[in-house]
Amino acid sequence: MAFKYKSIEENDTSGPKKGEDKPQVKGRANWQNKAGSLDTESRRDSPIGVFDSGVGGLTVAREIIRQMPYEKLVYFGDTARVPYGSKSKDTIIRYSRQIYRFLMTKKVKAIVIACNTASAYALETLSLESSVPIIGVIHSGARAAVEATQNGRIGIIGTSGTVDSRIYPKTIKALKPDVEVIQKACPLLVPLVEEGLTHDSVTDEIISRYVNEIKQKYIDTLVMGCTHYPLLRSAIRRIMGDEVTLVNPAYETAIELRELLRSEKLLCDGQNEGGHSFYVSDLAERFRDFASSILPKEVEESIKIQIEEY
Ligand code: DGL
């Protein structure tokens, strides 16, 4: 049986408006200020919005589906504007606001920014503006790394944007100041995954070149700080060796989301499997095929939308 979406926040006029990208205000997240004023009972059956620059966020969606099979997802992949990893903070915030507005038209009850780069650049802004709970992937990954390390030496691999933002070192050091964090941007890995070269000697060679530098720093924990990288897990594992713990923030993010939904009384306690819908800004069929190869179930449809209109 399919869930019927209940209408939420029909008259909600908060959140970033189109053409009115307001400057961010420091303080409490907007949705926390509104907590209690919303009808949580009716929102429980609403979907969770998940977005990424493209297909990488499907690794996060996969974990959410595994851990919360009764939840419905609305996934948006910005396939027309990928990669985010080489773009400026202003651009990523503008894109993320458009996606937020799109997801809100789908009456989502919470949003997961399933992209490290967008989490690094836009989470703070969006959480001040959002009228629903919103989380990114960085905090979960950082916390898992701090818990995993024995020798206090953590490696981070990610896009240039994520590495340049220094969000992982800052978040990790805020959790545990005496930890050393060694970062390495790996810009070629996203295109290799997008090209489907996840099991290829060329990809192995490039991973080796990237990670050798941090391997020599005797890290015992490596955060796969880009949503595409868990798709390269076996190659990264082979190259790093068994003694290094690999942290996949997707897994931890799904745990954090479940806790958040539970604490906000938004966790779906239904007995039916959640239905999911997929939207992209380009190449809908290619996305659908890719998504079908990653997710536990065949994706029947992905719909192309004009994200600039939001
Ligand atoms: N999803 C992005 C991230 O996790 C990687 C792809 C991109 O550069 O857009 O950072």
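Calculation rules
- Residues numbered from 1 in each chain as written.
- Predicted model: local features only at pLDDT ≥ 70, side-chain atom pairs only at ≥ 80, totals over all residues.
- Heavy atoms only, no water.
- Helix = DSSP H or I, 4+ residues; strand = E, 2+ residues; numbered from the N terminus.
- Buried < 20%, exposed > 50% of the residue type's maximum accessible area, 1.4 Å probe, protein only.
- Contact = heavy atoms within 4.5 Å.
- Areas by Shrake-Rupley, 256 points an atom, 1.4 Å probe, with all protein chains shown as cover.
- Near = heavy atom within 4 Å.
- Polar contact = N/O pair within 3.5 Å; in protein donor to acceptor, adjacent residues only side chain to side chain.
- Nonpolar A, V, L, I, M, F, W, Y, C, P; charged D, E, K, R; others polar.
- Pairing = 2+ DSSP bridges.
- Expected span 1.5 Å × (residues − 1).
- Axes fitted to C-alpha atoms, helices over the stretch in contact; angles between N-to-C directions.
- Parallel < 35°, antiparallel > 145°, perpendicular 65-115°, else oblique.
- Core = buried A, V, L, I, M, F, W, Y, C linked by side-chain atoms within 4.5 Å.
- Phe/Tyr/Trp six-rings, centres within 6.5 Å; stacked < 30°, edge-to-face > 60°.
- Lys NZ or Arg CZ within 6 Å of the ring centre and 35° of its normal.

*Asks:* So what exactly am I meant to see when it comes to the overall build of the protein here?
*Replies:* Check the secondary structure of the protein and you find 13 helices and 10 strands. Residues counted as buried form 58% of the 310 residues belonging to the protein. Here the contacts in the protein between residues at least 6 apart in sequence split such that 79% fall between residues at least 24 apart. For the protein, the exposed surface amounts to about 13,700 Å²; the carbon and sulfur share of it is 48%.

*Asks:* I would appreciate a short explanation of the site of the ligand in the present structure.
*Replies:* Surrounding the ligand, one finds 14 residues, the nearest of these being Asp52, Ser53, Tyr84, Thr117 and Thr227. Within the contact set of the ligand, a nitrogen atom lies 2.7 Å away from a side-chain nitrogen or oxygen of aspartate 52. Taking glycine 85, its main chain carries an N or O atom lying 2.8 Å from an oxygen atom of the ligand. A total of 290 Å² of accessible area belongs to the ligand in isolation, and the protein chains cover 99% of it. Looking at the shell around the ligand residue by residue, the class counts come to six nonpolar, seven polar and one charged.

*Asks:* Help me understand the sheet that holds strand 3 (residues 110-113), please; the structure alone is not making it clear to me.
*Replies:* Adjacent strands of a sheet form backbone hydrogen bonds with each other and so pair up, either parallel or antiparallel. As summarised here, the arrangement of the six strands in space is 4-3-1-2-9-10, forming an open sheet in which the pairing is parallel. The sheet terminates laterally at strand 4 (134-135) and strand 10 (303-304), the two strands that pair on one side only.

*Asks:* I would appreciate a short explanation of helix 4 (residues 89-105) in the present structure.
*Replies:* A turn of α-helix holds 3.6 residues, and therefore any two residues three or four places apart point the same way. Over its 17 residues, helix 4 runs 25 Å from end to end, which matches the ideal 24 Å to within 8%, given 1.5 Å per residue. Counted residue by residue, helix 4 has 13 buried out of 17 residues, so it is predominantly covered. Among the residues trailing helix 4, lysine 107 stands out with phi positive, at a value near 60°.

*Asks:* For this particular structure, what's the right way to read the packing of helix 6 (residues 138-148) against helix 12 (residues 249-263)?
*Replies:* Helix-helix packing: each pair is described by the crossing angle between the helix axes and the interaxial distance. Put simply, helix 6 and helix 12 touch, their axes get as near as 8 Å, and they point 110° apart. Comparing their axes, helix 12 and helix 6 come out roughly perpendicular. Across the interface between the two elements, His139, Ser140, Gly141, Arg143 and Ala144 from helix 6 touch Pro249, Glu252, Thr253 and Glu256 from helix 12. Tallied by class, residues from the contact of helix 6 with helix 12 come to two nonpolar, four polar and three charged.

*Asks:* Just to check I follow, could you spell out the nonpolar core for this structure?
*Replies:* General note: in soluble globular proteins, nonpolar side chains tend to be found buried as a group. Ranked by size, the top nonpolar core spans 56 residues in total, and within it Leu58, Ile64 and Ile236 carry the most contacts. One finds Phe51, Leu103, Ile113 and Ile307 within the second-largest nonpolar core, a separate group that totals 23 residues.

*Asks:* In this structure, what is going on with the side chain of glutamine 67? I would like to understand it.
*Replies:* Residue position: glutamine 67 is located in helix 3 (residues 58-67). A residue is classified by how much of its surface remains accessible, and glutamine 67, at 18% relative accessible area, is buried. Only 3.5 Å separates the side chain of glutamine 67 from the side chain of arginine 258, close enough to count as a polar contact. Aside from chain neighbours lying at most four places away, what touches glutamine 67 is Tyr251, Ala254, Ile255 and Arg258.

*Asks:* Before we go on, may I ask you to explain the packing of aromatic side chains in this structure?
*Replies:* Geometrically, a pair of aromatic rings is defined through the distance of the ring centres and the angle of the planes. Tallying each qualifying case throughout the model produces seven aromatic pairs. Measuring from centroid to centroid gives 5.2 Å for phenylalanine 102 and tyrosine 310, while their planes differ by 80°, and the two rings are edge-to-face. A residue pair is termed long-range when its members are at least 10 positions apart, and phenylalanine 102 in helix 4 and tyrosine 310 in the segment after strand 10 qualify at 208 residues. On the basis of an interplanar angle of 45° and a centroid distance of 6.2 Å, the ring pair of phenylalanine 278 and phenylalanine 287 is categorised as tilted. Joined through ring pairs, the aromatic side chains of Phe76, Phe102, Tyr279 and Tyr310 make up one cluster. Sitting above the plane of the tyrosine 95 ring, arginine 81 keeps its charged end 3.7 Å from the centroid.

*Asks:* Would you mind going over unusual backbone geometry with me for this structure?
*Replies:* Where the residue is not glycine, phi is negative for most of them; where a peptide bond is considered, it is trans in most cases. Cis peptide bonds are those with omega within 30 degrees of zero, and the linkage from valine 82 to proline 83 qualifies with 5°. Summarising the element assignment, proline 83 is placed in the loop between strand 2 (73-77) and helix 4. The backbone of lysine 265 sits at a positive phi, close to 60°, despite the residue not being glycine. Its place among the elements puts lysine 265 in the loop between helix 12 and strand 9 (276-280).

*Asks:* Teacher, can you tell me more about the side chain of serine 165 here?
*Replies:* Take serine 165: it is sitting in helix 7 (residues 160-165). Overall, serine 165 belongs to the buried group, its relative accessible area being 14%. Not counting residues within four places of it along the chain, the set of residues in contact with serine 165 comprises Ala120, Tyr121 and Lys170.

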